[in-house]
Amino acid sequence: MSAPVLLLDGASMWFRSFFGVPSSITAPDGRQVNAVRGFLDSVATLITRERPSRLVVCLDLDWRPQFRVDAIPSYKAHRVAQETPSGETDVEETPDELSHQVDMIMELLDAFGIATAGAEGYEADDVLGTLATAERRDPVVVVSGDRDLLQLVGDDPVRVRVLYLGRGLSNATMFGPTEVAERYGVPVHRAGTAYAELALLRGDPSDGLPGVPGVGEKTAATLLAQYGSLEDILAAAHDPKSKLSKAFRAKLLAATDYIEAAGPVVLVARDAPIEFSTADDRLPLAAADPARVADLAHAYGVSSSIGRLQKALDALPN
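These numbers were taken from a predicted model, which means no experiment stands behind them. (Residues numbered from 1 in each chain as written. Predicted model: local features only at pLDDT ≥ 70, side-chain atom pairs only at ≥ 80, totals over all residues. Heavy atoms only, no water.)

A. Structural detail: the overall build of the chain. Helix and strand content of the chain: 13 helices and 9 strands. Scaling as 2.2 N^0.38, a compact globule of 318 residues should have a C-alpha radius of gyration of about 20 Å, and the chain matches this with 21 Å. Expressed as lengths along the three principal axes of its C-alpha atoms, the size of the chain is roughly 70 × 60 × 35 Å. Counting over 318 residues, the chain shows a buried share of 52%. Considering only intrachain contacts with a sequence separation of at least 6, the fraction spanning at least 24 residues in the chain is 69%. With the model as given, the accessible surface of the chain reaches about 14,900 Å², and the carbon-plus-sulfur share is 52%. Looking at charge distribution, the chain has the averaged site of its 30 positive side-chain charges lying 10 Å from that of its 45 negative ones. (Helix = DSSP H or I, 4+ residues; strand = E, 2+ residues; numbered from the N terminus. Rg over C-alpha atoms; globule rule 2.2 N^0.38 Å. Buried < 20%, exposed > 50% of the residue type's maximum accessible area, 1.4 Å probe, protein only. Contact = heavy atoms within 4.5 Å. Areas by Shrake-Rupley, 256 points an atom, 1.4 Å probe, with all protein chains shown as cover. Lys, Arg positive; Asp, Glu negative; His and termini not counted. Charge placed at Lys NZ, Arg CZ, Asp CG, Glu CD.)

B. Looking closely at the packing of aromatic side chains. All chains considered together, the criterion is met by 6 aromatic pairs. Aromatic side chains Phe67 and Tyr122 sit 5.5 Å apart centroid to centroid with 50° between the ring planes, which places their arrangement in the tilted category. Here the residue Phe67 occupies a position in helix H3 (residues 66–71), and Tyr122 occupies one in the loop between strand E5 (115–118) and helix H5 (124–134), the gap between them amounting to 55 residues. Aromatic ring contacts, followed pair by pair, group Phe15, Phe18 and Phe19 into a single cluster. (Phe/Tyr/Trp six-rings, centres within 6.5 Å; stacked < 30°, edge-to-face > 60°.)

C. Region of interest: helix H2 (residues 34–50). Look at H2: 24 Å from first C-alpha to last across 17 residues, which is about the 24 Å you get at 1.5 Å a residue. Regarding H2, the residues found buried are Asn34, Ala35, Val36, Gly38, Phe39, Leu40, Ser42, Val43, Ala44, Leu46, Ile47 and Glu50. Residue Arg51 follows H2 closely and has a positive phi angle near 50°. (Expected span 1.5 Å × (residues − 1).)

D. Representation of the confidence of the model for the chain. Chain-level pLDDT for the chain is 94 on average; 96% of the residues reach the 70-or-more range. Across residues 82–91, confidence stays below pLDDT 50; counting only partners more than four residues off in sequence or on other chains, it has 11 contacts. (pLDDT = per-residue confidence, 0-100.)

E. Expanded view of the packing of helix H1 (residues 10–20) against helix H4 (residues 96–112). It is the contact of H1 with H4, at a shortest axis distance of 11 Å, that shows an interaxial angle of 130°. Considered as vectors, H1 and H4 are oriented oblique to each other. Helix-helix and strand crossings are classified by hand; for H1 and H4 the assignment is right-handed. Contacts from Trp14, Phe15 and Phe18 of H1 reach H4 at Glu97, Leu98, Gln101, Val102, Ile105 and Met106. Its residues assigned to classes, the contact of H1 with H4 shows 7 nonpolar, 1 polar and 1 charged. (Axes fitted to C-alpha atoms, helices over the stretch in contact; angles between N-to-C directions. Parallel < 35°, antiparallel > 145°, perpendicular 65-115°, else oblique. Left-handed = near helix turned anticlockwise from the far one by under 90°. Nonpolar A, V, L, I, M, F, W, Y, C, P; charged D, E, K, R; others polar.)

F. Quick peek at unusual backbone geometry. Following Asp156, the chain continues into Pro157 via a peptide bond in cis, with omega recorded as 5°. By the element assignment, Pro157 lies in the loop between strand E6 (140–144) and strand E7 (160–164). Positive phi outside glycine occurs at Arg51, with the angle close to 50°. For Arg51, the location among the structural elements is in the loop between H2 and strand E2 (54–58). By relative accessible area, Arg51 is classed as partly exposed at 40%. For Lys76, which is not a glycine, the phi torsion comes out positive at approximately 55°.

G. Here's a closer look at the packing of helix H7 (residues 191–202) against helix H11 (residues 256–266). Viewed as axis vectors pointing N to C, H7 and H11 meet at an angle of 125°, and their least axial separation amounts to 10 Å. One finds that H7 runs oblique with respect to H11. Considering the relative orientation of H7 and H11, their crossing is right-handed. Contacts between H7 and H11 involve Ala196, Ala199 and Leu200 from the first element and Tyr258, Ile259, Ala262, Gly263 and Val266 from the second. A per-class count over the contact of H7 with H11 returns 7 nonpolar, 1 polar and no charged.

H. Representation of the nonpolar core in the model. Ranked by size, the top nonpolar core spans 59 residues in total, and within it Leu7 and Val180 carry the most contacts. The biggest single contributor to this core is H7, with 7 residues. If we ignore the near neighbours within four places in the chain, the residues touching Val180 are Leu150, Val153, Phe175, Gly185, Val186, Ala191 and Tyr195. (Core = buried A, V, L, I, M, F, W, Y, C linked by side-chain atoms within 4.5 Å.)

I. Representation of the side chain of Glu135 in the model. With respect to the secondary-structure elements, Glu135 resides in the loop between H5 and E6. Classification of Glu135 by relative accessible area gives buried; the value is 8%. The residues contacting Glu135, other than those within four sequence positions of it, are Val5, Arg54, Val140, Pro157 and Val158.

Spelled out as structure tokens, the structure:
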């Protein structure tokens, strides 16, 4: 098997580093750099573990895309503050102690020549989904702490796996169709799509998605195992002769509008208009601008992390 392409959920990884690495780690000028160090160390660990030939850090250019809000107005609405006196809507923001670190990370990635990718009006999930779907050559490993991305697992046209960081990188779980089917009880032959359908039925309070009232994760998995797909579940709900119980039939029919609207919200986009920071997503074996990397590493006090990243790259085949 050829070396994989690593697709990293940038925001997921640096948020985890920010909250998981001691805030006492600072640059010479006193600014926090715990997220910078944690992110760089995580990238070095992933390169050592997965030995990729290509790597893209995927960006969250719009955390609450309008097309999702139009479909489900409650989508992430609990993360939006009240209107300000000027009439502007104040939305959830990255903590000040992290926002400057994101700028530092982006500077270092640029100096190193490591590709980043984003799409205006789309979330990082959509960038990850688009790149994973478009890949035709190498196996894909998506790295994220977001369970929603389990919908991407598959084996055709290339092998796509999700390294789930829910319990941290040291306890990360690699999910393919078999693992998703075993963990969530969905049909293995369409595990990724079935997981998305399970998520749609179950809902997700953290994203403001109500789900179908009275249908939790276990019930959704049972229905998918029994009927095979959301389409067939809904067909059974509309068929008075089906074996679906009257109670569940009533719940599903009452939620018809939600189910129809939730598709584009729960499903990641596979056709986002992605723009790359570099012309090539091949993982550089050495910094594109070593002098700038050295200057930044010294200024931010992360020379040891840059050294670990370079050591990981040095171990890759030329």
